[in-house]
Structure formats: structure tokens, C-alpha cells
There are 2 protein chains.
Amino acid sequence: MAAAAAPPPPPSAAAITLPGSIPSGHTLFTRIRLATNEDVPHIHKLIHQMAVFEHLTHLFSATIDSLSETLFPPHPPPPFTSFTVFLLELSPSPFPPAQNNPHFTPLLKSFNLDLPVEDPEKESFRSSAVDVIFNDVTVGGFVLFFPNYSSFLAKPGFYIEDIFVRECYRRNGLGKMLLSAVAAQAAKMGYGRVEWVVLDWNINAITFYEQMGAQVLPEWRICRLTGEILQAYAHVNL
Amino acid sequence: MAAAAAPPPPPSAAAITLPGSIPSGHTLFTRIRLATNEDVPHIHKLIHQMAVFEHLTHLFSATIDSLSETLFPPHPPPPFTSFTVFLLELSPSPFPPAQNNPHFTPLLKSFNLDLPVEDPEKESFRSSAVDVIFNDVTVGGFVLFFPNYSSFLAKPGFYIEDIFVRECYRRNGLGKMLLSAVAAQAAKMGYGRVEWVVLDWNINAITFYEQMGAQVLPEWRICRLTGEILQAYAHVNL
């Protein structure tokens, strides 16, 4: 009410939300849905951007074909029982009503932004979802996860392999939305844990995860057998 | 040949294998096979022993029933596509020839030991496998693993949740055999990685894993959402 009584701000300040004011005009509509094989080219670009961010491009060898074959095989198991991808889509206008899906009803949320997002890669990340093919819908991030298992709890959980929001959309709560979507799914399925890993130098991420309620376990270290050393085990005489 | 020319050792030293000598008489026959629902009582005891060893019994809440329901559901997916357990069995006499199994042919190996193993829990860990039900076969350890996924490689892998050998059987190469069995399976399936975690204070385990060819990654930390905090996400308005 105080904001309504105040004089209208000058046009150049229209995008700034003042304390106590009604949010100004930039609404970002978002949707989280199960990814399909048609989304793989976007997923491939997102994974590569993540490798760049993590300074790990020397470990990156995924191709569109290899992702498609492993994430969306000819007879895929039901979502959540194996490798599963949630895709985050963004639009300046509302999404169509969520379709009834036996496995997952897309999540819709809108965000009021102080400033519109300038997306330099908007065209290359245009969504391929059939229900928004004529709309202005952009892919902004993803989360890739799969079941894990806690023998102490005797319960499945989810392990998040990747969670990523494109740089220009960060700091708007979208990563939180993606992580919450996985946590909500785990909770609804009666699962015991959601786990993932973080690089110890990524303080921003650690702070963010702790604010989400996660414990960061200091004592555990990852061990990895890979490459030629792993392949050699195929011929070890046990 | 030098050992054969040497005078026979005195009886009290018969169990000690001298350099270059023929191994003396204590042979331990071992088998690694896929576990079944009938093995769950043993698996439950093994997981509890592991929790004791890791000083983590406060996190242990598995029961025989909850393990059975989650590891061996009514319509289980094929081995290796979900939660999978290899069981390690030990016998003073040879195992019957391996049955043809469409998913996994049991691995057989014999070890020459310097001393026979005194197993204080031999009776409670008697194997329930039907083909050795009248033999003197003991369950000595297990490994629980399931598929994971590397998006950088665009390949599945295996994640080892647990690997455990009962205390009286350690330092005989049985842990190496269990880990090698998982690595060999991964390599045969064309998988990209085998991963697991280790507590940073468990120097013996870290040394062992490095000798097996594993890298221990210093920078990554595990994040975990669990308990009531996780359950609360079921009701979060995304």
C-alpha cells in the first residue's frame, strides 16, 4: 500500500523492486519436466558448460549420440528407476496447463525478477517440447539423477550426478527449484536420502546446499577406478 | 626346486610358507555369486558388523524385512541394472562346478593360507545356498553395488555402496577379490567407472584401494539431505 501511494518511479528505475513495494514487471515463467530424447542436444551443451565451469573439460568426452544411447535407450525403464533428467524451461509467458503424466506432473512456478534476463544463447537453447514449440521457451538448466541405496537405512535414495543452471539465469532461485524438485520426488517415494558431491573450493555452492538443509560430510573421500586400469580388470584372472 | 631339495621343516613350522617353498596345506576355497533373498539374514548381519567397524551404528536402522523388500522386491529388475549384491562364500573343500547363469557365472578361486582361519561365527554364517547346503560353507563377506552414471563420459558405471570381509578372514586377498569382481563386471559391460567412498582416517583401506589402481579424489565432498529435512520437501510449494 505504501508503494501504491508513492509517486511512480521514473521509467529507468521501473525494474528495481524497492523494499515493501509491489514486485515490478519482469515475470519469468518456469517449468520442470522430464527430459526426452529430443532434449539431448541441449543436455549435451549444458553438460559441456558444466565441465567448463568445473575446470574439467579434459574429462569430457560425451557426444549427443552417446548421451542419447545411455540416457534414452530403446526400451527405457520407468523414470526414477534409472538415469533420469529433469529439464528446466523458461518463458516470458505462462506455460500451457500441465499434462497428466503417469510418472511426473511438470512443476510450474513464476518468478518476479528485478531485471529482465539477457540471454546471449537464447536461440541455441530454444526448447524442443512439442507443446511449446511455437512459444518463446528456452532451456535454462537441468538435473541428472538416479537411484542409489543406503544399506544402513535399507532404503533407496537419489544421487544427483549433475545440477546446472546456465550462467545468465543464476541467482534467481532456479537451482533451488531444481534441487527441491528432486528432494520432493524422493520424499514422495519414501526414499531415505538425496546425495551429491561438491568441489571443496566451490564455497558458493556449499553455502547454498547448507541453506537447503544438506549436511556436507567432511570425512568421506571418493575413490575411482577408470580408464585403462578399469578395463584391465576384464582380463584379470580372479 | 630349491625348496624341494631342502630338508623338511619341523612339524611346528609346517604351516609357514617359506620363500620359494611349495605352499603348505591350508587351502581356502572361495566363491563369489549373486546373492538371493535367502541370503538376506546374513547380509543384515554383515551390514551391522560394517556399521560397528565404521563407528556408525547410530545410522543403522536396516532390518531383515526392509533389506529383503528393497534388495529383492517381488519383480526384481535384472542383476546389475539396480541394487546388486555379490556374496563371498568360503569352504574347506571345493565348490561344485559353476552353474550356467544367464547373468553371472560364479567366480571360484582357492587361496593357500599359512594358517587355518579360526572363525568364531562359523555356525551363524553358514551359507544357505541350495547347492552347498550339506557342505561346510560359510559366508565371509559381500559387496553391494548399483549403476551410476557419468555425464562427462556419457557412460554408466558402478557405485559400490558397501564392501566388507569379516574380520577373521581379512588380509588374505578376499577384499581384493570382491572389488576385482565388480571392476571386471564393469569392464565387461563397457562401463566407464567404478566408484566408492572411504573414510579419510581409514589409511589401510586407502592404501589398499590405491594398490588396486584407484584414484582417491581429494577435492570432492559428499552432500546429503536426509531425515525430517528431506521429508519436509514433500510438502514444499515449488
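### Here we look at the overall build of chain A
Moving on, step 1. Assigned secondary structure in chain A consists of six helices and eight strands.
Moving on, step 2. Sequence-ordered secondary structure for chain A, helices as α and strands as β, is α-β-α-α-β-β-β-β-α-β-α-β-β-α.
Moving on, step 3. Looking at chain A residue by residue over its 238 residues, the buried ones come to 49%.
Moving on, step 4. Partitioning the contacts of chain A with sequence separation of at least 6, the portion at a separation of at least 24 is 71%.

### Observations concerning the relation of the copies chain A and chain B
Moving on, step 1. For these two chains of identical sequence, chain A goes onto chain B by a turn of 180° and a shift of 0.0 Å along the axis, with RMSD 0.0 Å. In short, the pair behaves as if placed about a two-fold rotation axis. Taking the C-alpha atom as reference, chain A places A:Arg221 closest to the rotation axis, 3.5 Å from it.
Moving on, step 2. Counting the interface residues of chain A, we find that 100% of their copies in chain B are interface residues as well, pointing to one common contact surface.

### Topic: the packing of helix H2 (residues 40-53) of chain A against helix H3 (residues 64-71) of chain A
Axes are the key here: two packed helices are described by the angle between their axes and the distance separating the axes.
Residues and elements named next belong to chain A.
Moving on, step 1. Two numbers describe how H2 lies on H3: the axes approach to 9 Å, and their chain directions differ by 110°. Between H2 and H3, the angle falls in the class roughly perpendicular. H2 and H3 meet at a crossing whose hand is right-handed. Together, Val40, Pro41, His44 and Ile47 of H2 and Ile64, Leu67 and Ser68 of H3 make up the contact between the two elements.
Moving on, step 2. By residue class, the composition of the contact of H2 with H3 is five nonpolar, two polar and no charged.

### Here we look at unusual backbone geometry
Negative phi characterises most residues that are not glycine, and trans characterises most peptide bonds.
Residues and elements named next belong to chain B.
Moving on, step 1. Located in the positive-phi region is Ala154, a residue other than glycine, with phi close to 55°.
Moving on, step 2. Along the chain, the position of Ala154 falls in the loop between strand E4 (138-150) and strand E5 (155-165).
Moving on, step 3. Phi at Arg171 takes a positive value of approximately 65°, unusual for a residue other than glycine.
Moving on, step 4. Assignment of secondary structure puts Arg171 in the loop between E5 and helix H4 (174-188).
Moving on, step 5. Judged by its relative accessible area of 68%, Arg171 is exposed.

### Let's talk about the interface of chain A and chain B
Moving on, step 1. The interface is formed by 72 residues belonging to chain A together with 72 residues belonging to chain B.
Moving on, step 2. Across the interface of chain A and chain B, roughly 7100 Å² is buried in total on both sides, 61% from carbon and sulfur atoms.
Moving on, step 3. Viewed at the interface, chain B and chain A are joined by four salt bridges.
Moving on, step 4. Here A:Arg221 makes a salt bridge to B:Asp200, at a shortest N to O gap of 3.7 Å.
Moving on, step 5. At the junction of chain A and chain B, the tally comes to 30 residue pairs in polar contact (both at pLDDT 80 or more).
Moving on, step 6. Of the residues forming the side of chain A that touches chain B, the biggest block, eight residues, is contributed by helix H4 (residues 174-188) of chain A.
Moving on, step 7. A breakdown of the residues in the side of chain A that touches chain B according to their chemical character gives 47 nonpolar, 13 polar and 12 charged.

### What to know about the packing of aromatic side chains
Moving on, step 1. This model, assessed by the stated rule, comprises 28 aromatic pairs over all chains.
Moving on, step 2. Put simply, the rings of A:Phe80, A:Phe86, A:Phe104, A:Phe145, A:Phe158 and A:Tyr191 touch in pairs and so form one group of aromatic residues.
Moving on, step 3. Its guanidinium or amino end placed over the ring of B:Phe125, B:Lys45 lies 4.5 Å from that ring's centre, counting from NZ or CZ.
Moving on, step 4. Above the ring of B:Phe53, the side-chain terminus of B:Arg170 is found at 5.3 Å from the ring centroid.

### Digging into the sheet that holds strand E7 (residues 215-217) of chain B
Moving on, step 1. Reading across the sheet, the eight strands line up as E3(B)-E1(B)-E2(B)-E4(B)-E5(B)-E6(B)-E8(A)-E7(B) and stay open at both edges, with mixed pairing between neighbours. Two strands in the sheet have a free side with no partner beyond their single neighbour: strand E3 (107-113) and E7 of chain B. The average undirected angle you get between the axes of adjacent strands in this sheet is 30°.
Moving on, step 2. Set on the sheet, H4(B) makes contact with strand E8 (220-226) of chain A together with strand E1 (26-34), strand E2 (84-91), E3, E4, E5 and strand E6 (193-199) of chain B; between it and E5(B) the angle comes to about 165°.

### Structural notes on the side chain of B:Asp119
Residues and elements named next belong to chain B.
Moving on, step 1. By secondary structure assignment, the location of Asp119 is in the loop between E3 and E4.
Moving on, step 2. Within the structure, the side chain of Asp119 is placed 2.7 Å from the side chain of Arg166, a separation counted as a polar contact.
Moving on, step 3. Within the local environment of Asp119, its side chain forms a polar contact with the side chain of Tyr169, the two groups lying 2.7 Å apart.
Moving on, step 4. Not counting residues within four places of it along the chain, the set of residues in contact with Asp119 comprises Thr138, Arg166, Cys168 and Tyr169.

### Here's the deal with the pattern of salt bridges
Residue and element names in this part refer to chain A.
Moving on, step 1. Tallied over the full model, the rule gives 25 salt bridges over all chains.
Moving on, step 2. Between Asp39 and Arg33 there is a salt bridge whose closest N-O contact spans 2.9 Å.
Moving on, step 3. Overall, the relative accessible area of 9% leaves Arg33 in the buried class.
Moving on, step 4. For Asp136, the salt bridge goes to Lys122, with nearest N and O atoms at 3.4 Å.

Here is what the cut-offs are and how they apply
- Residues numbered from 1 in each chain as written.
- Chains lettered and ligands numbered in written order.
- Predicted model: local features only at pLDDT ≥ 70, side-chain atom pairs only at ≥ 80, totals over all residues.
- Heavy atoms only, no water.
- Helix = DSSP H or I, 4+ residues; strand = E, 2+ residues; numbered from the N terminus.
- Buried < 20%, exposed > 50% of the residue type's maximum accessible area, 1.4 Å probe, protein only.
- Contact = heavy atoms within 4.5 Å.
- Least-squares fit on C-alpha atoms with pLDDT ≥ 70 in both.
- Axes fitted to C-alpha atoms, helices over the stretch in contact; angles between N-to-C directions.
- Parallel < 35°, antiparallel > 145°, perpendicular 65-115°, else oblique.
- Left-handed = near helix turned anticlockwise from the far one by under 90°.
- Nonpolar A, V, L, I, M, F, W, Y, C, P; charged D, E, K, R; others polar.
- Buried area = accessible area lost by both parts, 1.4 Å probe.
- Salt bridge = Lys/Arg side-chain N within 4 Å of Asp/Glu carboxyl O.
- Polar contact = N/O pair within 3.5 Å; in protein donor to acceptor, adjacent residues only side chain to side chain.
- Phe/Tyr/Trp six-rings, centres within 6.5 Å; stacked < 30°, edge-to-face > 60°.
- Lys NZ or Arg CZ within 6 Å of the ring centre and 35° of its normal.
- Pairing = 2+ DSSP bridges.

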